[in-house]
Amino acid sequence: MSRKRTPSRSALPAPAGTPSRSILPAPAGTTPRGNRTRRRLLAGVIAGTVCAGLSAVPASAAPEPVVSRGVTIPAFYTPPTELPSANGTLIRTEALPLGLSIPGLDGRPMPGTATRLMYKSTDSAGQPVAVTGAYIEPSAAWKGTGARPLVAVASGTMGQGDQCAPSFALQNPLTLNGETVSVGYEALAIYRLLSTGAAVVVTDYVGLGTTDRLHTYVNRLDQAHALLDAARAAHAVPGASITTASRTGLYGYSQGGGASAAAAELQPTYAPDVPLAGTYAGAPPADLTSVMKGIDGSALAGALAWSINGFAQADPDVRAVVDANISAVGKAALADASTMCVGDAIFGYGFTKSSKWTTSGKSIADIIAADPRAKAALDKQRIGRLKPTGPVRLATGVQDDIVPHSQARQLAVDWCDKGGNVTYDAIVLPNLGDKILTNHLVPLITDQGDAISWLSDRLAGKPATSNCWSMPLQL
């Protein structure tokens, strides 16, 4: 099985000879370096060490291709050695062929023309980071008032392997090669948004697609920054029709719901230049302690490994707790999961209990709850301590047992208590099966039309009326 190979970030040259439009040239004289596998990188993260001993190759040689579970990651996704200073600055772009596209009557492709992009953001440690994504210029005309608006889409859970990146999924809606399974399920929402005439920018998040680090799954700062900076970067995409007068909306479900919710909270301090007309946050994982319990032992138990991997990489305290409490079997599972997409995780670790990964036989949630360092690190990820910017629509399935309904509803309560303009919608469906993802995924589809309609009204300048008054009556 092919493993992802991860170059050292300090030795990453800009890809040479690629058809991309380079916005920020790579510094002259950089020297490509050899690569280590992602699993070795993750082992180093868990142990608190950095992979060393990289061997040099001639400066004229092209960087060694990064391969993740049999998928070669294009050189576009390798960040340059140096990054621009301003958040949201484009680093490079190239044409992105959409995997699902048809020619329109006017000769333009439908639903639009896509551009792959890399832009600069800031991670949760305050360090510069390159993030990739995609901008789609719609073929449909905007029929609302004002300039064509922009929707920044935060994808739901795709995985931790670079081949799982949302921009990859737009080009390859189904990746199935015997080593990995990835499905671009967010295309439905993205294409429905494009059909309204709104432009769409999609973020790949920090470390998903880009080859310099692991994806920091459900890290609220990383995700919020990446989403807001994607909105900034979209305005600089060559050929983009959006203007400074364009209204901006945020859209996300599940992992994406947490990202859009966190972005709505952080916009005033991180991106006041990105005025928000409205935010849709579906099934947001606002309280990770609760969400970890919901995921543990479920069909998506592998997502627990992704969150541990990401936080161990970003937080030394979490890394120390992981190193002290995760068994050799658990560490092997964490490394294995680090290159997986959702399909791989379901097949590989579906319904696994985290107690099988620990030295004590306790669940990871119990270990974190008992360790002040890890508990504090997770507590910093809590969404709901700040008032969101602009109107927000929060929807959650009352039977959701993967991203538990109760913690999502509590986020609405917290926002209402802070005076937020919140439209809360409890999606009432029968129990469709415990821990098998159906209670979490079906509301994604059944609520999608209402979510897009609500957001389109905000982008058209229509006011939203909060229903916080009804919270005591809502499930």
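Our structure's up above, just so we're on the same page.
My aim in this report is to walk through the structure given alongside it, one point at a time.

Conventions and cut-offs
- Residues numbered from 1 in each chain as written.
- Predicted model: local features only at pLDDT ≥ 70, side-chain atom pairs only at ≥ 80, totals over all residues.
- Heavy atoms only, no water.
- Axes fitted to C-alpha atoms, helices over the stretch in contact; angles between N-to-C directions.
- Helix = DSSP H or I, 4+ residues; strand = E, 2+ residues; numbered from the N terminus.
- Parallel < 35°, antiparallel > 145°, perpendicular 65-115°, else oblique.
- Left-handed = near helix turned anticlockwise from the far one by under 90°.
- Contact = heavy atoms within 4.5 Å.
- Nonpolar A, V, L, I, M, F, W, Y, C, P; charged D, E, K, R; others polar.
- 1 Å grid on protein atoms, 1.4 Å probe; cavity = no way out; pocket = protein on both sides within 12 Å on 5 of 7 lines; lining within 4 Å.
- Points joined across faces, edges and corners; volume = space filled by probe spheres on them.
- Disulfide = S-S within 2.5 Å.
- Buried < 20%, exposed > 50% of the residue type's maximum accessible area, 1.4 Å probe, protein only.

**Topic: the packing of helix H8 (residues 316-325) against helix H12 (residues 372-379)**
Packing of H8 against H12 leaves a shortest axis separation of 9 Å and a crossing angle of 135°. By the angle between their axes, H8 is oblique relative to H12. As for the relative orientation of H8 and H12, their crossing is left-handed in sense. Of the residues in H12, those touching H8 at Asp 317, Val 318, Ala 320 and Val 321 are Arg 373, Ala 374 and Ala 377. Classifying every residue of the contact of H8 with H12 gives five nonpolar, no polar and two charged.

**A word on empty space enclosed by the protein**
Under the defined criterion, the tally for this structure stands at five cavities of 30 Å³ or more. The space that makes up the largest cavity amounts to roughly 160 Å³. Lining the largest cavity we find 17 residues, and of these Tyr 217, Val 218, Pro 285, Val 291 and Ile 295 sit closest to its centre. When residues of the lining of the largest cavity are traced back to their parent elements, those giving at least two are helix H6 (288-295) and helix H7 (302-314). In terms of residue count, H6 provides more of the lining of the largest cavity than any other element does, four residues in total. For the lining of the largest cavity, the per-class residue count stands at twelve nonpolar, five polar and no charged. Ile 308, Val 318, Val 322, Ile 364 and Ile 368 are the residues nearest the centre of the second largest cavity, which is lined by 14 residues in total. Those elements that place two or more of their residues in the lining of the second largest cavity are H7, H8, helix H11 (364-370) and H12.

**So, the state of the cysteines**
Enumeration over the complete set of coordinates arrives at two disulfides. Covalently, Cys 164 is tied to Cys 341 through a disulfide, its sulfur atoms 2.1 Å apart. With the S-S bond torsion at -95°, the cross-link from Cys 164 to Cys 341 turns out left-handed. With Cys 164 in the loop between strand E11 (150-154) and helix H2 (166-171) and Cys 341 in the loop between helix H9 (328-337) and helix H10 (342-349), this pair connects stretches of sequence that are 177 residues apart. There is no split in this pair, since Cys 164 and Cys 341 are both buried. By sequence-ordered numbering of the bonded cysteines, the protein has its disulfides arranged as 1-2, 3-4.

**Digging into the environment of Ser 363**
Looking at where Ser 363 falls in the secondary structure, it is placed in the loop between H10 and H11. On the accessibility criterion, Ser 363 (17% relative accessible area) is buried. When the C-alpha atoms of Ser 363 and Gly 297 are compared, they prove to be 10.0 Å apart, with 66 residues separating the residues in sequence. Excluding anything up to four places from it in sequence, Ser 363 contacts Asp 296, Ser 354 and Ser 355.

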